[in-house]
Amino acid sequence: MCGLQIIQVDLEGLNEKVHRFSFEVGDVFFTAMAAQGERPAHKGNMVATIEATKGSGCYDFNIHVEGTVTLPCDRCLDDMLQPVTTDSHLVVKRGEPTNDSDDVLVVDETLRMVDLSWFIYEMVELAIPIQHVHPEGECNPAMLEVLASHEKNSEDSDVDPRWKDLEKLRTTIND
């Protein structure tokens, strides 16, 4: 999966009862994961809680990640804290590794540890909203002024007279 082995769970130590693991997911984690996926790195302060159970022929992992990531605001470009909470379920089976499906990970039978780093990173990335902006009134006021001035300039720019003539023609036809 990831190869960095930041968040690992020992499969040999699991049995039928529920085992709970907690991992800090911070700046180092995001930098390492972003380098693997060639994506821009986020900063963050999160906690990944994993409940693992050994089932018949498989291992069940319920994963909950909660915290904040630091992202640039889409409006003013200043950093902002984006709260993120996400849950997922993963089944790990031992066998001949093939193409993984979304919820089933097949690992080599000789592996003792399973690395969940990349899975958790993708969970967080998918939980980040597409648009992230500061709440109303918290954006950088200087940047908002610059944006407003550009908006006024685009409205005040001279319109090509041919468009004005076409607009007259359109209104004449519609009347």
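Residues numbered from 1 in each chain as written. Predicted model: local features only at pLDDT ≥ 70, side-chain atom pairs only at ≥ 80, totals over all residues. Heavy atoms only, no water.

Student: Which residues make up the overall build of the chain, and what values go with them?
Tutor: Counting secondary structure elements, the chain contains four helices and seven strands. If you list the helices and strands of the chain from N to C, you get β-β-α-β-β-β-β-β-α-α-α. Out of the 175 residues belonging to the chain, those deemed buried represent 31%. Of the contacts made within the chain by residues no fewer than 6 positions apart, 60% connect residues no fewer than 24 positions apart. Roughly 11400 Å² of accessible area belongs to the chain as shown, and the carbon and sulfur atoms make up 50% of that amount. (Helix = DSSP H or I, 4+ residues; strand = E, 2+ residues; numbered from the N terminus. Buried < 20%, exposed > 50% of the residue type's maximum accessible area, 1.4 Å probe, protein only. Contact = heavy atoms within 4.5 Å. Areas by Shrake-Rupley, 256 points an atom, 1.4 Å probe, with all protein chains shown as cover.)

Student: Tell me about the environment of Pro129, residues and numbers included.
Tutor: Locating Pro129 in the fold gives a position in the loop between α2 (117–127) and α3 (141–156). By relative accessible area, which is 31% here, Pro129 ends up partly exposed. Separated by 47 residues in sequence, Pro129 and Gln82 have C-alpha atoms that sit 8.7 Å apart.

Student: Tell me about the sheet that holds strand β5 (residues 79–94), residues and numbers included.
Tutor: Adjacent strands of a sheet form backbone hydrogen bonds with each other and so pair up, either parallel or antiparallel. Spatially, five strands are ordered β2-β3-β4-β5-β6 in an open sheet, and the strand pairing comes out mixed. Pairing within the sheet leaves two strands with one partner each, and these edge strands are β2 (19–25) and β6 (104–107). Looking at each pair of strands side by side, their axes are set apart by 25° on average, direction ignored. When strand β4 (residues 59–72) meets β5, the two strands line up antiparallel, connected through 14 bridges. The residue of β5 that forms the bridge with Asn62 is His89. α2 rests against β3 (43–54), β4 and β5 of the sheet, and its axis sits at about 135° to β5. (Pairing = 2+ DSSP bridges. Axes fitted to C-alpha atoms, helices over the stretch in contact; angles between N-to-C directions.)

Student: Break down the nonpolar core for me, with residues and values.
Tutor: Here is a general trend for soluble globular proteins: nonpolar side chains tend to be buried in one another's company. Counting residues in each nonpolar core, the largest one holds 35 residues, and the members touching the most others are Ile50, Phe61, Ile63, Val114, Leu116 and Ile120. Where this core is concerned, the elements lending two or more residues are β2, α1 (27–37), β3, β4, β5, β6 and α2. (Core = buried A, V, L, I, M, F, W, Y, C linked by side-chain atoms within 4.5 Å.)

Student: Can you tell me about unusual backbone geometry, naming the residues and giving the values?
Tutor: Despite not being glycine, Leu77 shows a phi value in the positive range, around 70°. Tracing the backbone through its elements, the reader meets Leu77 in the loop between β4 and β5.

Student: Could you give an account of the pattern of salt bridges, naming the residues involved and the relevant values?
Tutor: When the charged atoms of two side chains lie near each other, side chains of opposite charge can form a pair. Counted according to the given criterion, the structure contains three salt bridges. For the salt bridge of Glu51 with Arg20, the shortest nitrogen-to-oxygen distance reads 3.1 Å. Of the two residues, Glu51 is situated in strand β3 and Arg20 in strand β2; the sequence distance between them amounts to 31 residues. The exposure class assigned to Glu51 is partly exposed, which follows from its relative accessible area of 28%. Glu167 serves as the salt-bridge partner of Arg170, at 2.8 Å between the closest nitrogen and oxygen. (Salt bridge = Lys/Arg side-chain N within 4 Å of Asp/Glu carboxyl O.)

Student: Tell me what's going on with helix α4 (residues 161–174), and back it up with residues and numbers.
Tutor: An ideal rise of 1.5 Å per residue puts 20 Å on 14 residues; α4 measures up with 20 Å between its terminal C-alpha atoms. Counting buried positions along α4 gives zero out of 14 residues, so the element sits mostly on the surface. (Expected span 1.5 Å × (residues − 1).)

Student: Any details on the pairing of β4? Residues and values, ideally.
Tutor: The two faces of a sheet get side chains in turn, since along a regular strand they alternate between them. Here β4 shows a clear split, with Tyr59, Phe61, Ile63, Val65, Gly67, Val69 and Leu71 buried on one side and none of Asp60, Asn62, His64, Glu66, Thr68, Thr70 and Pro72 buried on the other. Relative to β4, β3 is paired through 12 bridges, and the arrangement is antiparallel. Bridge pairing in β4 places Asn45 opposite Thr68. Where β3 folds back on β4, the antiparallel hairpin that results is connected by four residues, among which Gly57 adopts a positive phi of roughly 80°.

Student: Outline the packing of aromatic side chains, supporting the account with residue identities and numerical values.
Tutor: Overall, the coordinates contain four aromatic pairs when judged by the stated rule. Consider the rings of Trp118 and Tyr121, whose centres lie 5.2 Å apart with planes at 40°: the pair is tilted. Of the two residues, Trp118 and Tyr121 both sit in helix α2, three residues apart, roughly one turn of that helix. An aromatic cluster is built from Phe29, Phe30, Trp118 and Tyr121, whose rings are joined through pairwise contacts. (Phe/Tyr/Trp six-rings, centres within 6.5 Å; stacked < 30°, edge-to-face > 60°.)

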